[in-house]
Amino acid sequence: MREYRDRIYIRKDILLKLYEYGEMNQSRLMSICGLNNVKHKGILDDMVTKEILEKTEEAWGSKTIFKYKVSKKGQEILRAVLEPYEELFPREDTNE
């Protein structure tokens, strides 16, 4: 089994988890996807810049919490691109 995940799979996992859970704060999202907050934050930022995800800020005491959800464009990408891609190229370990 490969420990390294391609960026496309990381993005797919983020999209699918947010689609499944609705809206999540950054820490929970990273934890559920098995990602490192510092190392993978750039992927979230890029997905927000490309309007695949929506990011909102919420004041929580003296801290600011960032919440993410799948945008309309992100939902279209899930349906149009990632679902057929996963069907064609499923992530299965085949040790032949």
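Refer to the preceding data block for the structure.
A brief report on the enclosed structure follows. Values in this document were obtained by computation on a predicted structure and should not be read as measured data.

Procedures and definitions
Residues numbered from 1 in each chain as written. Predicted model: local features only at pLDDT ≥ 70, side-chain atom pairs only at ≥ 80, totals over all residues. Heavy atoms only, no water. Helix = DSSP H or I, 4+ residues; strand = E, 2+ residues; numbered from the N terminus. Buried < 20%, exposed > 50% of the residue type's maximum accessible area, 1.4 Å probe, protein only. Core = buried A, V, L, I, M, F, W, Y, C linked by side-chain atoms within 4.5 Å. Contact = heavy atoms within 4.5 Å. Pairing = 2+ DSSP bridges. Axes fitted to C-alpha atoms, helices over the stretch in contact; angles between N-to-C directions. Salt bridge = Lys/Arg side-chain N within 4 Å of Asp/Glu carboxyl O.

**So, unusual backbone geometry**
Point 1. In this model, Glu51 sits at a positive phi of 60°, which is unusual for a non-glycine residue.
Point 2. As for its position among the elements, Glu51 is in the loop between helix H3 (37-49) and strand E2 (53-60).
Point 3. The exposure class assigned to Glu51 is exposed, which follows from its relative accessible area of 55%.

**Describing the nonpolar core**
Considering soluble globular proteins, one finds that nonpolar side chains tend to be buried as a cluster.
Point 1. In terms of nonpolar packing, the biggest core is built from 18 residues, with Ile14, Leu15, Leu18, Leu29, Leu44, Met47 and Leu53 touching the most fellow members.
Point 2. Counting only elements with at least two residues in this core, the list comes to helix H1 (7-21), helix H2 (26-33), H3, strand E3 (63-70) and helix H4 (72-88).
Point 3. Discounting residues that sit within four places of it in the chain, Met47 has contacts with Arg11, Ile14, Leu15, Ile52 and Leu53.

**Comments concerning the sheet that holds E3**
Point 1. In spatial order, the strands read E1-E3-E2; together these three strands make up an open sheet with antiparallel pairing. Only two strands of the sheet have a single neighbouring strand rather than two, namely strand E1 (23-25) and E2. Going across the sheet, the axis of each strand differs from the next one's by a mean of 30°, ignoring polarity.
Point 2. Where E1 meets E3, three bridges bridge the pair, whose relative direction is antiparallel. The residue of E3 that forms the bridge with Asn25 is Lys67.
Point 3. Contacts from H1 reach E1, E2 and E3, with the element oriented near 95° to E3.
Point 4. Sheet strands in contact with H3 are E2 and E3, and its direction is about 115° off that of E2.

**Some thoughts on the pattern of salt bridges**
Point 1. Taken as a whole and assessed by the stated rule, the structure comprises seven salt bridges.
Point 2. Residues Asp45 and Lys41 are paired through a salt bridge, measuring 2.6 Å at the closest nitrogen-oxygen approach. A residue pair is termed a helical-turn pair when its members lie 3 or 4 positions apart in one helix, as Asp45 and Lys41 do in helix H3 at four residues.
Point 3. Residue classification places Lys41 among the partly exposed positions, given a relative accessible area of 22%.
Point 4. Lys67 serves as the salt-bridge partner of Glu58, at 3.4 Å between the closest nitrogen and oxygen.
Point 5. Because the salt bridges share partners, they merge into one network encompassing Arg11, Asp46 and Lys50.

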